[in-house]
Amino acid sequence: MSNWSDFQREEKERESAVTGKHRVVITEATEGATGAQSKNPGTPMIIIKVRPSGRHFSVTHRIVKNDYFNRNMTSFFDAFPEIPFGDFNFITWVGAEGAAMFKQDDRGYTQIAYFLSPERAEDLPPFEGEKPERQIITSLEDESEDDSELPFM
């Protein structure tokens, strides 16, 4: 008897591509660089993965440090009001809720066309599905304390 004799075909239904406006939650955010096949290899970029409402998959979106970086980051921060404007602590982005417009690429895959401001997303239903827990970074620095009276100084 073979180790593989109990194999049976198992069909998996593929989730359909997402198009149009949807609420999203950030599942991952990291720093990276464009690849060797890029027009400008090694250019810094932010890699953001978002999960559309009601779905089990994430869509990867890249914001490259190029001529459009400031415009693209402004749109991103506007779409995710839970993230303080200009905060690049990527770990704190995970779990933040926003909205995006989705389209299908030429291969049938879902991609983000652009992010939506809260005003443009106000007619969308609340996010449905599993959301990662928000992470908070606390600072140990508190400049209001006076260390001059500590015994080990």
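The rules behind the values
- Residues numbered from 1 in each chain as written.
- Predicted model: local features only at pLDDT ≥ 70, side-chain atom pairs only at ≥ 80, totals over all residues.
- Heavy atoms only, no water.
- Salt bridge = Lys/Arg side-chain N within 4 Å of Asp/Glu carboxyl O.
- Helix = DSSP H or I, 4+ residues; strand = E, 2+ residues; numbered from the N terminus.
- Buried < 20%, exposed > 50% of the residue type's maximum accessible area, 1.4 Å probe, protein only.
- Pairing = 2+ DSSP bridges.
- Axes fitted to C-alpha atoms, helices over the stretch in contact; angles between N-to-C directions.
- Contact = heavy atoms within 4.5 Å.
- Phe/Tyr/Trp six-rings, centres within 6.5 Å; stacked < 30°, edge-to-face > 60°.
- Lys NZ or Arg CZ within 6 Å of the ring centre and 35° of its normal.
- Core = buried A, V, L, I, M, F, W, Y, C linked by side-chain atoms within 4.5 Å.

Caption draft 1: View of the pattern of salt bridges. What the rule picks out here adds up to six salt bridges. Salt-bridge contacts for Asp123 lead to Lys21; the nearest nitrogen and oxygen are separated by 3.7 Å. In this pair, Asp123 is assigned in the segment after α2 (118–121) and Lys21 in strand β1 (residues 20–33), connecting sequence segments 102 residues apart. Asp123 sits in the exposed class, given a relative accessible area of 58%. Judged by relative accessible area, Lys21 falls into the partly exposed class, the value being 32%. Note that Glu97 is salt-bridged to Lys131, the shortest N-O span being 2.8 Å. With Glu97 in strand β4 (residues 97–104) and Lys131 in the segment after α2, this pair connects stretches of sequence that are 34 residues apart. According to the relative accessible area criterion, Glu97 is partly exposed, its value standing at 22%. Here Lys131 falls in the partly exposed class, since its relative accessible area comes to 38%.

Caption draft 2: Examining the pairing of strand β3 (residues 59–64) more closely. Along β3, the buried face is formed by Val59, His61 and Ile63; none of Thr60, Arg62 and Val64, which line the opposite face, is buried. Note: strand β2 (residues 44–52) against β3, six bridges, orientation antiparallel. Note on β3: the bridge partner recorded for Lys49 is Thr60. Hairpin connection from β2 to β3: six residues lie between these consecutive antiparallel strands, with Gly54 at a positive phi of about 75°.

Caption draft 3: Highlighting the sheet that holds β4. Across the sheet, five strands lie side by side as β3-β2-β1-β4-β5; this open sheet has antiparallel pairing. A single partner strand is all that each edge strand has here, and the edge strands are β3 and β5 (110–115). Across the sheet, the axes of successive neighbouring strands diverge by a mean angle of 50°, strand direction being ignored. Direction of pairing for β1 relative to β2: antiparallel, over a ladder of nine bridges. Residue pairing across strands places Ala33 opposite Pro44, the latter belonging to β2. Lying on the sheet, helix α1 (residues 69–79) is in contact with β1, β2, β3, β4 and β5; it crosses β3 at an angle near 135°.

Caption draft 4: The packing of aromatic side chains, seen in detail. Counted according to the given criterion, the structure contains 10 aromatic pairs. Each ring, one from Phe76 and one from Phe80, has its centre 4.9 Å from the other, and the planes form 35°; the classification is tilted. Note on accessibility: Phe76 and Phe80 belong to one class, buried. Over the ring of Phe69 we find Lys65, and its NZ or CZ is 5.3 Å from the ring centre.

Caption draft 5: Summary view of the side chain of His61. As for its position among the elements, His61 is in strand β3. In this view, His61 contacts Ile46, Ile47, Ile48, Ile112 and Phe115; residues no more than four positions away in its chain are not counted.

Caption draft 6: Focus on the nonpolar core. Counting residues in hydrophobic clusters, the biggest one holds 23 residues, and the most contacted among them are Ile26, Val50, Phe76, Phe80 and Trp93. Breaking this core down by element, the ones donating at least two residues are β1, β2, β3, α1, β4 and β5. The dominant element in this core, judged by the number of residues it contributes, is α1, at five residues. Excluding residues that lie within four positions of it along the chain, Val50 makes contacts with Val24, Val25, Ile26, Thr27, Phe57, Ser58, Val59, Phe80, Phe102 and Ile112. Ala99, Leu116, Ala121 and Leu124 belong to the second largest nonpolar core, which has five residues in total.

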